Amino acid sequence: MTSLQVAARFDPVGFSEIVKIRNKIMALQQAGVKVLPFHGGEPFMETPQPIKDACLKALAENKTRYAPSSGIPELVELIIEKVRTKNCIPAEPGHAIVVSGGLHGLFGAFLSAVNPGDEVLVFSPYWTPIKDLIALTGGQRVLVNSFQARGDVLRPMLEQHLTERTRVIYFNSPTNPTGQVYTRSEVEVIADFARAHDLVVIADEAYEDIIFEAEHISIASLPGMLERTLTVYTLSKSYAMTGWRIGYVIATEPLMTGLRKITLNSINGVNTPTQWAAVAALRLGTDYFEAIRQGYRQRRDLLVAGFRSAGFACEIPAGTFYAFPRVSTLLGEDSWEASNRMLENARVSTVPGVVFGPDGEGHLRFSFSTSIETIEAAVEQLQRVRG
Ligand SMILES: Cc1ncc(COP(=O)(O)O)c(C=O)c1O
């Protein structure tokens, strides 16, 4: 037994399998093959200019020193105002912390709420890193199939998965990878269930602004929920800021202390110029969101129509920039194989549904956050995929 090994806490923690897909696509591209990319998770537009300008201004004004580790006061104040007005969360000063993107916020939230041995209810299919975050805490993931657990059966299904050890629910709406958006009455059911069984909710609202024929409901806005919810937001998707690494979490004590300790002892605060850029982002008007939604809706409709004419069953995603068609009837149940066939026969890159947990098997995830021309080309190729 040597001490030259990584600490045992990492034994159950994996790396995202999406990396395998990226490597395969890169190898094809290096061999000169043109691939139509649908596997990513990036907004199609660029970071808006006022955000970039605010960062440059902060640099010119030498706003480059240590900031309070929980965030600069100007940004924290705007966050509180935003969640109070837009999300209807009754947050007070002290209930917001700036973090280095959504994943960092989730890392802090899971570490703050989950003890080793605790069970975490996860609607499934789910965003892949959630499995590894739970593993890092020593908690156990308990999957609730989100294709089934909707409407009237939502409460009985949640009750069915409850044990003495259940402590947390991870709730992501709009949902990556399915594009599902939970209705107000469904969110109320989840809130009731959490209150009845004294559970903490980790609400992941990364896609709150990418929503079409639905209404985004923040679970922390419901009565008695702010104090039992850690709501994680990111600027990545709403403002095309994936590489800036900034987000925020809304929580109350005692859970907020966990987040503050993790943030202080890991990054000691997000870099100061990026926080000034975030101030400019939160000041952008509602016209901005209307324009991006229209752009995404046009892409979604084009792709979903293409699926249907090629014979793939696909629910229309009510939010996010992902579509999650069932491909098993045409390409078989094994989604890795289906994804490989899609790449080899149609030159379209996708993510196998099983990467998002066993309930995703038989599906492929397509990101429609790409150019209209790319979607049109893919729609044409889809006809060939059976070959
Ligand atoms: C569901 C979900 N939550 C959180 C995030 C985190 O985003 P980021 O770390 O880029 O802010 C993502 C990114 O893809 C996501 O899909």
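This report concerns the structure included in the present document. (Residues numbered from 1 in each chain as written. Predicted model: local features only at pLDDT ≥ 70, side-chain atom pairs only at ≥ 80, totals over all residues. Heavy atoms only, no water.)

## Considering the layout of surface pockets
Of the pockets and cavities examined, the largest pocket occupies roughly 1,100 Å³. Along the walls of the largest pocket sit 39 residues, with Arg22, Leu103, Trp127, Pro129 and Lys237 positioned nearest its centre. Elements represented by at least two residues in the lining of the largest pocket include exactly helix 1 (18-30), helix 4 (102-113), helix 5 (129-137), strand 7 (229-234) and strand 12 (364-367). Here the lining of the largest pocket takes five residues from helix 4, the largest share from any one element. Each pocket or cavity is described by its volume, and for the second largest pocket that value is around 300 Å³. What lines the second largest pocket is a set of 16 residues, and nearest its centre among them are Phe147, Thr178, Gln180, Glu315 and Ile316. (1 Å grid on protein atoms, 1.4 Å probe; cavity = no way out; pocket = protein on both sides within 12 Å on 5 of 7 lines; lining within 4 Å. Points joined across faces, edges and corners; volume = space filled by probe spheres on them. Helix = DSSP H or I, 4+ residues; strand = E, 2+ residues; numbered from the N terminus.)

## Structural notes on unusual backbone geometry
The phi angle of most residues is negative, glycine excepted, and most peptide bonds adopt the trans form. Of note, the amide linkage connecting Ser124 to Pro125 takes the cis form, showing an omega dihedral of 5°. The omega torsion of the bond from Glu253 to Pro254 falls at 5°, within 30 degrees of zero and hence cis. Along the polypeptide, Pro254 turns up in the loop between strand 8 (247-250) and helix 8 (255-266).

## Considering the site of the ligand
Taken together, the neighbourhood of the ligand is formed by 14 residues, with Gly102, Asp204, Tyr207, Thr234 and Arg245 sitting nearest. Take Leu103: an N or O atom from its main chain is 2.9 Å from an oxygen atom of the ligand. At 2.8 Å from an oxygen atom of the ligand is found a side-chain nitrogen or oxygen belonging to Lys237. Spatially, the ligand is embedded in the largest pocket. (Near = heavy atom within 4 Å. Polar contact = N/O pair within 3.5 Å; in protein donor to acceptor, adjacent residues only side chain to side chain. Sits in = over half its atoms within 2 Å of the grid points.)

## Structural notes on the pattern of salt bridges
Applying the stated criterion across every chain yields a total of 19 salt bridges. We note a salt bridge from Asp118 to Arg167, for which the minimum N-O separation is 3.4 Å. Note that Asp118 is positioned in the loop between helix 4 and strand 3 (119-124) and Arg167 in strand 5 (residues 166-172), a separation of 49 residues in sequence. In this structure Asp118 comes out as buried when scored by relative accessible area, which is 12%. Owing to a relative accessible area of 27%, Arg167 belongs among the partly exposed residues under this scheme. With a closest N to O distance of 2.7 Å, Glu213 and Arg300 form a salt bridge. Within this pair, whereas Glu213 is found in the loop between strand 6 (200-204) and strand 7, its partner Arg300 is found in helix 10 (residues 286-310), the two being separated by 87 residues in sequence. On the basis of relative accessible area, Glu213 is assigned to the exposed category, the value being 54%. Through salt bridges with shared partners, a single ionic network connects Lys57, Glu61 and Lys63. (Salt bridge = Lys/Arg side-chain N within 4 Å of Asp/Glu carboxyl O. Buried < 20%, exposed > 50% of the residue type's maximum accessible area, 1.4 Å probe, protein only.)

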